[in-house]
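Secondary and tertiary structure notes
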Amino acid sequence: MSGLQVQLHSASLIRLEAEFDCGAGELVALVGPSGSGKTSMLRAIAGLWTPADLQGHIRVAGQAWLDTKAGVQWSPQQRRAGLVFQQYALFPHMTAHANVALAAGPGWTAADVQALLKRLGLDALSQRRPAQLSGGQQQRVALARALVRVMPTPQTASVAAEPEHLPGVLLLDEPFSAVDAPTRQALYRELAALRQKVSVPMVLVTHDLAEARRLADRVVIVDAGQTLQTGEPARVFASPRNARVAELVGIQNHFEGRFFTDMPGWGRLRWTDAAQPEKSIDLTVIDKNKIDDGKPVTWVLNGEQVDVLGDAPGDGEAANAVAGQTRLRCQLLEVLSLGEISLCTLSPQDLPGQTLTLNLTTRLLGRLQVAAGGWVQLLIAPEALHIMPVREGVI
C-alpha cells in the first residue's frame with residue numbers, strides 16, 4: 001500500500017492502543033481531549049517516542065519504519081517524517097532559512113529552500129531569527145521545515161511525486177492553534193495546494209472539531225490512548241459508535257430509550273426518562289436490523305437535521321403528512337444570544353423532565369416571533385436520530 005499504516009500497543013506511562021491508516025494524499029485528523037495520546041501517536045510515527053514495551057508496526061508506502069516482530073526500528077533520521085510541533089521548536093540562534101535548510105534532504109539547494117519560503121510568504125524574512133518573527137511567521141517556518149522532509153526537490157519532482165518514490169509522511173501537531181484568523185486561512189490554502197502537488201499521507205492533531213470537519217478526509221477519535229472510531233467527519237459526528245464518542249465529538253443531545261421494530265425498514269424509538277417512567281415519546285427511526293426488538297438504547301439527535309416551525313394552531317396535522325418525520329411540541333426554556341446564533345434549550349411538552357439543545361439563528365427566532373417561554377414545533381427526520389445499543393441493566 002502507498003499510504004501510512006499504524007498499529008501500536010504500549011502499556012507504559014502513556015498507554016497506547018492505536019490502529020489507523022492514512023492513504024497517500026489523504027489528510028486524517030486525530031481528535032480527542034488533552035492528554036488522550038494524540039501527540040504521542042505522532043511522536044511514535046516520527047520515531048521520537050519509543051518506550052521499551054512498544055509493540056506493533058508503522059509502514060509508509062509498504063516500507064517498514066517499525067516492525068517489532070521483525071526487529072525493525074528505524075531512527076528518526078531514517079524516517080522521512082516532517083513534524084510540525086505545536087510550539088514550533090525552532091532553533092533560536094538560526095535564521096529562518098537555516099532552520100529550514102537544516103531539515104532538507106539530499107538534493108535541496110539554498111535556492112530551493114528560498115523558493116519554498118517565498119511560497120509561504122517568508123521570502124523577505126528568511127534571514128531573521130525566530131525572536132524577530134511573529135507567532136504566525138514562526139509557524140510558517142515550522143511548516144516549511146516539515147515540508148522539506150517530505151517534498152521532492154524541484155529537480156526530481158516528476159519522479160519523486162509518485163508515492164512509491166516518496167515514502168514520507170507529514171505530521172501536524174495542532175499547527176494552526178496559535179495563529180490569527182487571516183494567517184490560519186492562508187495556511188489552510190497552502191495545505192490544500194500542497195495536497196494537490198505532493199501525494200503523501202498527512203496526519204493532523206487537533207482539538208478543534210470545526211477544523212477537523214473542514215480539513216480532514218477522515219477523523220480518528222482518540223481517548224485514553226485508544227482509537228475509538230474512524231470515518232468521514234460528517235458520518236462520525238452524526239453517527240458515533242458509542243456514548244463516549246458522542247461525548248468527545250461534542251454532541252449535546254444524548255438520551256436514553258428503548259428500540260422497537262415496526263414495519264419493514266422502520267423502527268420506533270421510545271424516548272424515556274428514568275425519573276418519570278410513566279411518560280415517554282415515540283420517534284420514528286430507520287431500522288438497520290442491528291438492534292433487537294425491545295432492547296435498551298442510548299441515542300443522539302443531530303440538530304442540523306431538525307426543522308423548527310412556529311406553534312400556529314391547526315397546522316400540526318399537515319406536518320405529520322411528511323413520511324417518517326416526527327413532530328414534537330416544545331417549550332423554549334432558555335435563549336442565549338451569541339451574535340447571529342442563539343443557544344436554545346427546549347423541553348418537549350409530553351416529556352417535561354427532558355431538555356434538548358439547538359443552535360438557532362436569531363433571524364429564525366425573529367421570523368417565528370418566539371422567545372423564552374414560547375412554544376415551537378420540531379420536525380425530526382429519521383436520519384437525525386442515531387441509536388446505539390447498551391448492555392442490559394445500564395438503563
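Fair warning: this is a prediction, and the values are worked out from it, not measured in the lab.

**Side note on the packing of aromatic side chains**
Aromatic ring pairs are defined here through the distance separating the ring centres and the angle between the ring planes. One pass over the structure, following the stated rule, counts four aromatic pairs. Considering the side-chain rings of Phe255 and Trp271, the 4.7 Å spacing of their centres and the 50° angle between planes classify their relative orientation as tilted. Placement of the pair is Phe255 in strand β12 (residues 254-261) and Trp271 in strand β13 (residues 266-272), with a sequence separation of 16 residues. Classification of Trp271 as buried rests on a relative accessible area of 1%.

**Quick notes on the nonpolar core**
Of all hydrophobic cores here, the largest spans 52 residues; its most connected members are Leu170, Phe176, Leu191, Leu194, Val219 and Ile221. The greatest single-element share of this core, amounting to seven residues, is contributed by helix α4 (residues 135-150). Discounting residues that sit within four places of it in the chain, Val219 has contacts with Ala29, Val31, Ala212, Gln229, Thr230, Gly231, Pro233, Val236 and Phe237. Of all hydrophobic cores here, the second largest spans 32 residues; its members include Leu269, Val306, Leu360 and Leu385.

**Notes on the environment of Trp108**
Checked against the element boundaries, Trp108 lands in the loop between α2 (96-103) and α3 (110-119). Among the residues examined, Trp108 registers a relative accessible area of 15% and is labelled buried. Counting along the chain gives 149 residues from Trp108 to Gly257, while the straight-line C-alpha distance between them is 61 Å.

**Section: the sheet that holds strand β20 (residues 375-380)**
Two modes of strand pairing occur in sheets, parallel and antiparallel, and in both the strands are linked by backbone hydrogen bonds. Pairing within the open sheet is antiparallel, and its five strands lie in the order β16-β20-β17-β18-β19. Every other strand in the sheet has two partners, leaving β16 (306-309) and β19 (356-361) as the edge strands with one partner each. Direction aside, neighbouring strands of the sheet carry axes that sit 40° apart on average.

**Topic: the confidence of the model for the chain**
Summary statistics for the chain give a mean pLDDT of 86 and a share of 91% for residues scoring 70 or more. This model gives residues 158-166 a pLDDT under 50, and the stretch forms 16 contacts once residues within four places in sequence are excluded. Segment residues 316-321: pLDDT under 50, and five contacts once partners within four positions in sequence are set aside and those in other chains are kept.

**Description of the packing of α4 against helix α6 (residues 181-197)**
α6 packs onto α4 with a crossing angle of 15° between their chain directions and a minimal axis gap of 11 Å. Here α6 runs roughly parallel to α4, going by the angle between their axes. Remark: the crossing between α4 and α6 carries right-handed chirality. Here Gly136, Gln139, Arg140, Leu143 and Leu147 of α4 lie close against α6, whose contacting residues are Thr183, Ala186, Leu187 and Leu194. Here the contact of α4 with α6 is built from residues that sort into five nonpolar, three polar and one charged.

**What about unusual backbone geometry?**
Glycine aside, the phi torsion of most residues is negative, and most peptide linkages are trans. Of note in the backbone geometry, Glu174 takes a positive phi value of approximately 45° without being a glycine. Among the structural elements, Glu174 can be located in the loop between β8 (168-173) and α6. We note that Ala224 has phi near 50°; this positive angle belongs to a residue other than glycine. By secondary structure assignment, the location of Ala224 is in the loop between β10 (218-223) and β11 (226-231). Taking the relative accessible area as the measure of exposure, Ala224 reaches 44% and is therefore partly exposed.

**Some remarks on the pattern of salt bridges**
If you walk through the whole model with that rule in mind, you get ten salt bridges. Residue Arg195 pairs with Asp217 through a salt bridge whose shortest N-O separation is 2.3 Å. Taken as a pair, Arg195 in helix α6 and Asp217 in the loop between α7 (209-215) and β10 lie far apart in primary sequence, 22 residues in all. Looking at Arg195, the relative accessible area reads 23%, which means it is partly exposed. When its relative accessible area of 32% is taken as the criterion, Asp217 is described as partly exposed. Asp223 serves as the salt-bridge partner of Arg244, at 2.8 Å between the closest nitrogen and oxygen. Linking Arg244 in helix α9 (residues 243-248) with Asp223 in strand β10, this pair joins segments that are 21 residues apart in sequence. Of the residues examined, Arg244 reaches a relative accessible area of 31% and is grouped as partly exposed. It is possible to trace a salt-bridge network through shared partners that takes in Asp21, Glu26 and Arg218.

**Considerations on the sheet that holds strand β15 (residues 296-301)**
As summarised here, the arrangement of the five strands in space is β14-β13-β12-β15-β21, forming an open sheet in which the pairing is antiparallel. Both outer strands of the open sheet, β14 (280-286) and β21 (385-389), are each paired with one neighbouring strand and no more. Each strand of the sheet is rotated relative to its neighbour by a mean of 40°, with strand direction disregarded.

**Considering the state of the cysteines**
Considering all chains together, one arrives at zero disulfides under this definition. Cysteine Cys344 is unpaired, with the sulfur of Cys330 as its nearest cysteine sulfur at 12 Å.

Quick notes on the rules
Residues numbered from 1 in each chain as written. Predicted model: local features only at pLDDT ≥ 70, side-chain atom pairs only at ≥ 80, totals over all residues. Heavy atoms only, no water. Phe/Tyr/Trp six-rings, centres within 6.5 Å; stacked < 30°, edge-to-face > 60°. Helix = DSSP H or I, 4+ residues; strand = E, 2+ residues; numbered from the N terminus. Buried < 20%, exposed > 50% of the residue type's maximum accessible area, 1.4 Å probe, protein only. Core = buried A, V, L, I, M, F, W, Y, C linked by side-chain atoms within 4.5 Å. Contact = heavy atoms within 4.5 Å. Pairing = 2+ DSSP bridges. Axes fitted to C-alpha atoms, helices over the stretch in contact; angles between N-to-C directions. pLDDT = per-residue confidence, 0-100. Parallel < 35°, antiparallel > 145°, perpendicular 65-115°, else oblique. Left-handed = near helix turned anticlockwise from the far one by under 90°. Nonpolar A, V, L, I, M, F, W, Y, C, P; charged D, E, K, R; others polar. Salt bridge = Lys/Arg side-chain N within 4 Å of Asp/Glu carboxyl O. Disulfide = S-S within 2.5 Å.

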